[in-house]
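One letter stands for each residue in the lines below.
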Amino acid sequence: MHLANTFARDGMDPNAVREVSLTINAAHLFVYFIPETPEEAAKLGVTEDGPAYFAFRSAPMGAIPWQVTLAAFYNFSPRSVQAMAGVWDTATPEQWQAARFAAVDRALRRVGVSLTAGQIAEARSLIDPVVASADYAGKTMAAANASVPLPADPLVALWQQITVLREWRGDAHVTVLAANGLGPCDCNVLQTATGHFPEAIARATRLWNDEEMAAATSRLVARGWLNADGTATDACIAAREQIEAETDEHCAALWTPIGDANVRRLTSLIMPIHEAFTAARTYPFLVEMGATQSAA
């Protein structure tokens, strides 16, 4: 890997790429933790969290079988994703997408995200060229979200553009995980061992069983990434950062249409979305962020 050469070729500061990626993720993330999401799912006749999650997030791809969702999401167990079977009989993907936008709209209003009309317009002027010029080859989730018609509300439309880029990095991350020989269960164990995702949430949502988790742990112990008790080694911490850096490397070209200064401006502009949901005590864990401050 030649990280410095890649960033130099794309003319991007790796710190700017990392910070915008973290902020994009944080500005999108609330949809999975707000009460409005299960409320909107219940209106469509689905009251279980798992099937609703997969329906909401899969909806841009259309009425696909659960196996396609499993392939696109990567780090979930087959038994967790199989629970979504039948959701397209309950409501169409278009209805699920509309319900997701309704949940986002209600939540944004409830927490009082402090973005003016001018700031939303400025953020759109920066993010839209990135979405429009992105290379979607191999980026299944990002391409699907880019095909979704934007809703009328300006802030919800901004959130959907944020979602496209959040999924773009996620698609790139899957490519890096596979290239590094980290399977779907292994990457969950890596994240929990390094403290980047609570183990209780990983187990409750990904549904890998004890035998599968133990096998993944053994594989990581054999690589020298975990100690026998499942705790992370220094090599594990370094490997996880290397994987994140390789993902950033993939993302560098994504941001070249607007350049470092505008990337930092976009980061600052959308920060209040995350700040508002954090202030509303939305998350059961600390969301990883960079050092950029929100826009005045």
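A. Representation of the overall build of the protein chain within the structure. Counting secondary structure elements, the protein chain contains 16 helices and zero strands. In terms of overall size, the protein chain behaves like a compact globule, its C-alpha atoms giving a radius of gyration of 19 Å where 296 residues would be expected to give roughly 19 Å. The C-alpha extent of the protein chain, read off along each of the three principal axes, is 55 × 50 × 35 Å. Put simply, 79% of the contacts in the protein chain that link residues at least 6 apart link residues at least 24 apart.

B. A look at the side chain of Thr23. Along the chain, Thr23 turns up in helix H2 (residues 14–29). Residue classification places Thr23 among the buried residues on the basis of a relative accessible area of 2%. Sequence-distant contacts of Thr23, that is, excluding residues within four places in its chain, are made with Thr267, Ile270, Met271 and Met289.

C. Region of the structure containing the nonpolar core. Ranked by internal contacts, the top residues of the largest apolar core, which has 54 residues, are Phe30, Trp255, Ile273 and Phe277. Among the elements of the structure, H2, helix H8 (93–111), helix H9 (117–133), helix H11 (154–179), helix H15 (234–252) and helix H16 (259–279) are those that each provide at least two residues to this core. Counting residues per element, this core draws most heavily on H11, which supplies nine residues. Setting aside residues up to four positions removed in sequence, Phe277 forms contacts with Phe30, Ile34, Ala107, Leu108, Val111, Val113, Thr282 and Tyr283. With 24 residues, the next largest nonpolar core counts Ala41, Phe54, Met61 and Ala99 among its residues.

D. Region of interest: the environment of Val148. Mapped onto the elements, Val148 comes out in the loop between helix H10 (140–146) and H11. Exposure remark for Val148: the relative accessible area of 11% places this residue in the buried category. Along the sequence, Val148 and Ala59 sit 89 residues apart, while their C-alpha atoms lie 9.4 Å from each other. In this structure, Val148 is in contact with Pro60, Gln97, Phe101 and Gln160, ignoring residues within four places of it in sequence.

E. Seen up close, the packing of aromatic side chains. Counting across every chain of the model gives 12 aromatic pairs. Consider the rings of Tyr32 and Tyr53, whose centres lie 5.3 Å apart with planes at 55°: the pair is tilted. Taken together, the residues span a long stretch of sequence, with Tyr32 in the loop between H2 and helix H3 (36–43) and Tyr53 in helix H4 (residues 49–58) at a distance of 21 residues. Taking relative accessible area as the criterion, Tyr53 reaches 21% and is therefore assigned partly exposed.

F. Region of the structure containing the environment of Asp234. Mapped onto the secondary structure, Asp234 falls in helix H15. Residue Asp234 is classed as exposed on the basis of its relative accessible area of 68%. For Asp234 and Asp248, which are 14 residues apart along the polypeptide, the C-alpha to C-alpha distance reads 21 Å.

G. Expanded view of the packing of H9 against H11. At a minimum axis distance of 10 Å, the contact between H9 and H11 shows a crossing angle of 30°. With respect to H11, the axis of H9 lies roughly parallel. Crossing of H9 over H11 shows left-handed handedness. The segment H9 lies against H11, with Ile120, Ala123, Arg124, Ile127, Asp128, Val130 and Val131 engaging Pro154, Leu155, Ala157, Leu158, Gln161, Ile162, Val164 and Leu165. Of the residues in the contact of H9 with H11, the class split is 12 nonpolar, one polar and two charged.

Calculation criteria
- Residues numbered from 1 in each chain as written.
- Predicted model: local features only at pLDDT ≥ 70, side-chain atom pairs only at ≥ 80, totals over all residues.
- Heavy atoms only, no water.
- Helix = DSSP H or I, 4+ residues; strand = E, 2+ residues; numbered from the N terminus.
- Rg over C-alpha atoms; globule rule 2.2 N^0.38 Å.
- Contact = heavy atoms within 4.5 Å.
- Buried < 20%, exposed > 50% of the residue type's maximum accessible area, 1.4 Å probe, protein only.
- Core = buried A, V, L, I, M, F, W, Y, C linked by side-chain atoms within 4.5 Å.
- Phe/Tyr/Trp six-rings, centres within 6.5 Å; stacked < 30°, edge-to-face > 60°.
- Axes fitted to C-alpha atoms, helices over the stretch in contact; angles between N-to-C directions.
- Parallel < 35°, antiparallel > 145°, perpendicular 65-115°, else oblique.
- Left-handed = near helix turned anticlockwise from the far one by under 90°.
- Nonpolar A, V, L, I, M, F, W, Y, C, P; charged D, E, K, R; others polar.

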